[in-house]
Amino acid sequence: MLPVPTERTSDRRSSSIGCRSIVGRRTSAYVPSCDPLKLIVDINSQVALFRDMLIHVGQSKDCPELREKIRKIRFSLVEACRHTSSLILPQIRTAVAEGIVADNPHLVLLFYLSQLFLRELIKSYRLVQVIPMDMSGYYENRAGPSNLGNVISQILLCKQITPDFNQEELCSINKDSQEIAHLLAEMQEFMPQQEIYLERSAALTGEDTNGPWPAKRRRNSLYKNMGLLCCVSRPNYL
């Protein structure tokens, strides 16, 4: 005979189901790992896949299914970059606080992969802006990227609202771009010092140089394109 669930057990189950329904839309595609090297290898593959998918935007293979795949892999990449940096940066901060020079190869790889991802995010923003896709038929029988606000508005106003999925996608890309730029700014503080490469380059070429990643040039390259990603305000559908 099966045991009858108590009131506390049923409440806990219902609350856990509710939590999964709220956050599952964005986090279900990403399974975190604790191995930085494995995470970086996975990020490298996903950045390459993200770039390859963007190549098909506006061509014969472009379709709502492709746009949805691009959106999902973008979410997964942002989560992976955030999770990997949360594993690497605390260790480096502790080492620096103890006076130990931090030269972490995982940090360097993650920094450059995040830079590549940010460039692809900027490109994806422009592609969605210039080549929008009609997603109304695709999302007809399923939830859109973030239609919770529209549902609440329909309940309060008793009026049908047609969401603009391309507009929501632009704002979502902008938010992800700002988050990756913030992670890059945090990692940049602990990147290898350029003085080491000054000595090596001067010895090889006999010329005065600023090393492979001068701080000022690197900072400018990170943020010179961020002005393109001003978040577009949500249109008024009423």
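Refer to the structure printed above.
Residues numbered from 1 in each chain as written. Predicted model: local features only at pLDDT ≥ 70, side-chain atom pairs only at ≥ 80, totals over all residues. Heavy atoms only, no water.

Novice: Run through the overall build of the chain, naming residues and quoting values.
Specialist: Counting its secondary structure elements, the chain contains eight helices and zero strands. From first element to last, N terminus to C terminus, the chain shows the α and β order α-α-α-α-α-α-α-α. Scored against the burial criterion, the 238 residues of the chain give a buried share of 37%. Long-range contacts, defined as pairs at least 24 residues apart, comprise 80% of the intrachain contacts of the chain with a sequence gap of at least 6. (Helix = DSSP H or I, 4+ residues; strand = E, 2+ residues; numbered from the N terminus. Buried < 20%, exposed > 50% of the residue type's maximum accessible area, 1.4 Å probe, protein only. Contact = heavy atoms within 4.5 Å.)

Novice: Talk me through the nonpolar core; I want residue IDs and the actual numbers.
Specialist: Judged by nonpolar contacts, the single largest core of 38 residues is most densely connected at Ile-43, Phe-50, Ile-70, Leu-107, Phe-117, Ile-180 and Met-187. Put simply, the parts of the chain that give this core at least two residues each are helix H2 (36-55), helix H3 (64-97), helix H4 (105-130) and helix H6 (165-188). Looking at which element gives the most residues to this core, the answer is H4, with twelve residues. With residues up to four places along the chain from it excluded, the contact list for Leu-107 reads Ile-88, Leu-89, Ile-92, Met-187, Phe-190 and Met-191. Formed by five residues, the second largest nonpolar core is a distinct cluster that contains Met-133, Met-135, Tyr-138 and Phe-165. (Core = buried A, V, L, I, M, F, W, Y, C linked by side-chain atoms within 4.5 Å.)

Novice: For the pattern of salt bridges, give the residues involved together with the corresponding values.
Specialist: One pass over the structure, following the stated rule, counts eight salt bridges. Salt-bridge contacts for Arg-82 lead to Glu-79; the nearest nitrogen and oxygen are separated by 2.6 Å. Of this pair, Arg-82 and Glu-79 both sit in helix H3, three residues apart, which is roughly one turn of that helix. Taking relative accessible area as the criterion, Glu-79 reaches 16% and is therefore assigned buried. A salt bridge links Arg-82 to Glu-179, with the nearest nitrogen and oxygen atoms 2.5 Å apart. Separated by 97 residues along the polypeptide, Arg-82 in helix H3 and Glu-179 in helix H6 bring together distant segments of the chain. Taking the relative accessible area as the measure of exposure, Arg-82 reaches 29% and is therefore partly exposed. Exposure remark for Glu-179: the relative accessible area of 21% places this residue in the partly exposed category. A single network of salt bridges, built from pairs that share partners, joins Arg-74, Glu-169 and Asp-176. (Salt bridge = Lys/Arg side-chain N within 4 Å of Asp/Glu carboxyl O.)

Novice: Go over the environment of Ser-86, please, and point to the residues and values.
Specialist: Considering the arrangement of structural elements, one finds Ser-86 in helix H3. Judged by relative accessible area, which is 42%, Ser-86 ranks as partly exposed. Considering only alpha carbons, one finds Ser-86 and Pro-36, 50 residues apart in sequence, at a separation of 10.0 Å. A distance of 2.5 Å separates the side chain of Ser-86 from the backbone oxygen of His-83, its partner in a polar contact. (Polar contact = N/O pair within 3.5 Å; in protein donor to acceptor, adjacent residues only side chain to side chain.)

Novice: Please set out the packing of aromatic side chains residue by residue, giving values where relevant.
Specialist: Under the counting rule described, the total for this entry stands at two aromatic pairs. Centroid distance Phe-50 to Phe-117: 5.7 Å. Interplanar angle 80 degrees. Geometry classified as edge-to-face. A residue pair is termed long-range when its members are at least 10 positions apart, and Phe-50 in helix H2 and Phe-117 in helix H4 qualify at 67 residues. When the centroid spacing of 5.4 Å and the interplanar angle of 80 degrees are considered together, the rings of Phe-111 and Tyr-112 count as edge-to-face. Classification of Phe-111 as buried rests on a relative accessible area of 0%. A relative accessible area of 30% places Tyr-112 in the partly exposed class. (Phe/Tyr/Trp six-rings, centres within 6.5 Å; stacked < 30°, edge-to-face > 60°.)

Novice: So, the packing of H4 against H6: which residues are in play, and what are the values?
Specialist: If you want to describe how two helices pack, look at the angle between their axes and the distance between the axes. H6 packs onto H4 with a crossing angle of 160 degrees between their chain directions and a minimal axis gap of 9 Å. By the angle class used here, H4 and H6 are roughly antiparallel. Read as a crossing pair, H4 and H6 show a hand that is left-handed. Contact with H4, carried on its side by Leu-107, Leu-110, Phe-111, Ser-114, Gln-115, Phe-117, Leu-118, Leu-121, Ser-124, Tyr-125, Val-128 and Gln-129, involves Asn-166, Glu-169, Leu-170, Ile-173, Asn-174, Asp-176, Ser-177, Ile-180, Ala-181, Leu-184, Met-187 and Gln-188 of H6 and no other residues of that element. The class makeup of the residues in the contact of H4 with H6 is 14 nonpolar, eight polar and two charged. (Axes fitted to C-alpha atoms, helices over the stretch in contact; angles between N-to-C directions. Parallel < 35°, antiparallel > 145°, perpendicular 65-115°, else oblique. Left-handed = near helix turned anticlockwise from the far one by under 90°. Nonpolar A, V, L, I, M, F, W, Y, C, P; charged D, E, K, R; others polar.)

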